[in-house]
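Summary of structural features
This is what each chain is made of:
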Amino acid sequence: MTGKPAYYLTTPIYYVNDSPHIGHAYTTLACDVVARFKRLDGFDVKFLTGTDEHGQKVEKSANNAGVSPQAFTDRVSQNFRDLAAFMGYSNDDFIRTTEPRHIKACQALWQTLIEKGEIFLGAYHGWYSVRDEAFWGEDELKAGPDGTKLAPTGAPVDWVEEPSYFFRLSAWQDKLLAFYEANPDFIAPASRRNEVLSFVKGGLQDLSVSRTSFKWGVPVPGDDAHIMYVWLDALTNYITATGYPDMTGDYARYWPADLHMVGKDILRFHAVYWPAFLMAAGLEPPKRVFAHGWWTNEGQKISKSLGNVIDPIKLVETYGLDQVRYFLLREVPFGSDGDFSHRAMVNRMNGELANDLGNLAQRSLSMINKNCDGRMPQAGTFSPEDLELLNASAALLPQLRDSIDRQLFHEGLETVWQVVRAANGYVDRQAPWALKKTDPARMATVLYVLAETVRQIALVLQPVMPTTMSRLLDQLAVPPDHRDFSSFEVRSQSGQPLPRPEGVFPRFVEPEPAS
Ligand code: ME8
């Protein structure tokens, strides 16, 4: 236990029916950036990701692959773990819903809900979509081809009739509305909050929370004919990872979670069902759910059948890890939908990374290397222009804190690039290369201001581009214990030797077409 404030954030746990793709990489990346930022800012962070391994969809995929669900989930879950390592994610835990710790937590939560009279036995008859793992009301369905019915998501639905336990969701409508009212920041962005509010105001029906027609799930305690509905099972992962049902250790420290990051497709589960389950069990709901948008590929919906699924590993091999991390969070206002295109990727990579930031760092450090004996220059009195740049750079940390707390990554990056552009303008106007002969002391001051600006930019960009920023900080000889935000305002020491500078952002050059 540390004296640091706790910060707990989670990704959705991904279904193991499919290989990881750009969408999964995106959600976890966003969390990784928040987690890294908060650690550098002095928080005791717990960052959780993992895989959702039960339910009909996964069982079906295992059958199609001709292996047992357990063997299948072992294999696919490993792909998600490998992706996390490959993308440099700094998750502290990786949960699988087939683990004993999770089954224990689900059964404990179920038992509590039974004891509190929140779950009762009945029979379900209605529509179910295996692809969405969701029950849909008749009034929500739309017409599909040949007189079939489709879920609002476009997924096929089946008619289901079976005995089922129900959760008294209908009893939670007013309490949920009061909770949203008292916690205006619980659902973000605001447009999504309004969607959830109108859904809940439209009336809530009791929710079927068990199935009897297949076996791949957590057994309902005391009634083995039933397994738990995969969403009740899956959502519970967020408390399993805090040690629940033991409520003394990590649960006490980290729960309620500060942030559940999800895609817009699964907001209803997180912002309606999950707080209702928790409140019904006498547990606290999470503090915030952020629903981000969806990626398309060159303007088209990403789908296996269209064959246009974007593999994050290939992207990284083509453009570089930090370049991809930067692009995904810079290209699209976080919360909106976005389109991946090669052109957009190359524009950001060459324009903002290689030209703007890469050149700023490279020309500042090269001039220091050549003209200041390879040492951090000695600053004289700062001019108003120097102070303007230094102040803009010093303001980055409080500005980014605010952007990160609202999960507005694009806004945070734009703020940094305003300073990058200002610094490039400053180099052009101050022309330190010309000062070398006329006023070397002034040249040294200008180069010191530039080095400090690059240092502060590199510090705040570490969460987004950890590898390249670490290289840049090496080139500025920033010691490893001066890289967290408590050292943000600790000025570099003049006279300190600096290693030879090397460019950190190569330009993307289109490969020659094969002749
Ligand atoms: O829903 N663009 O798992 P899942 C952006 N197991 N994000 C995307 C995306 C896209 N095109 N496609 C997927 C489940 N995502 C449940 C979650 S949580 C208790 C259980 C991301 O494998 C986005 O975060 O279908 C979305 O919410 C998630 O993957 C869905 O992953």
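Everything discussed here concerns the structure shown above.
Remember, predicted model here, so these are calculated numbers, not experimental data.

Observations regarding the sheet that holds strand 18 (residues 338–340)
- Pairing within the open sheet is mixed, and its three strands lie in the order 17-16-18. Across the chains shown, the open sheet's two edge strands, defined by having one partner strand only, are strand 17 (300–301) and strand 18.
- Alignment of strand 16 (residues 295–297) against strand 17, held across two bridges, turns out to be antiparallel. When the bridges of strand 17 are listed, Asn297 appears paired with Gln300.

With respect to the site of the ligand
- In the vicinity of the ligand lie 22 residues, with Ile13, Tyr15, Thr27, Asp52 and Asp265 positioned nearest.
- Contact between the ligand and Thr27: an oxygen atom at 2.7 Å from a side-chain N or O atom of the residue.
- Between the ligand and the protein, one listed contact pairs an oxygen atom with a side-chain N or O atom of Asp265 at 2.9 Å.
- Considered on its own, the ligand offers 680 Å² of accessible surface; in the complex 94% of this is hidden by protein.
- Looking at the shell around the ligand, the elements that each hand over two or more residues are strand 1 (6–15), helix 1 (22–40), helix 7 (230–235) and helix 8 (237–240).
- It is strand 1 that provides the largest number of residues to the shell around the ligand, a total of four residues.

Things to note about the layout of surface pockets
- For the second largest pocket, the calculated volume is near 480 Å³.
- Element by element, the count of residues in the lining of the second largest pocket is highest for strand 4 (residues 119–129), at four residues.
- Looking at the lining of the second largest pocket, its residues break down into eleven nonpolar, six polar and five charged.

Rules and cut-offs
Residues numbered from 1 in each chain as written. Predicted model: local features only at pLDDT ≥ 70, side-chain atom pairs only at ≥ 80, totals over all residues. Heavy atoms only, no water. Pairing = 2+ DSSP bridges. Helix = DSSP H or I, 4+ residues; strand = E, 2+ residues; numbered from the N terminus. Near = heavy atom within 4 Å. Polar contact = N/O pair within 3.5 Å; in protein donor to acceptor, adjacent residues only side chain to side chain. Areas by Shrake-Rupley, 256 points an atom, 1.4 Å probe, with all protein chains shown as cover. 1 Å grid on protein atoms, 1.4 Å probe; cavity = no way out; pocket = protein on both sides within 12 Å on 5 of 7 lines; lining within 4 Å. Points joined across faces, edges and corners; volume = space filled by probe spheres on them. Nonpolar A, V, L, I, M, F, W, Y, C, P; charged D, E, K, R; others polar.

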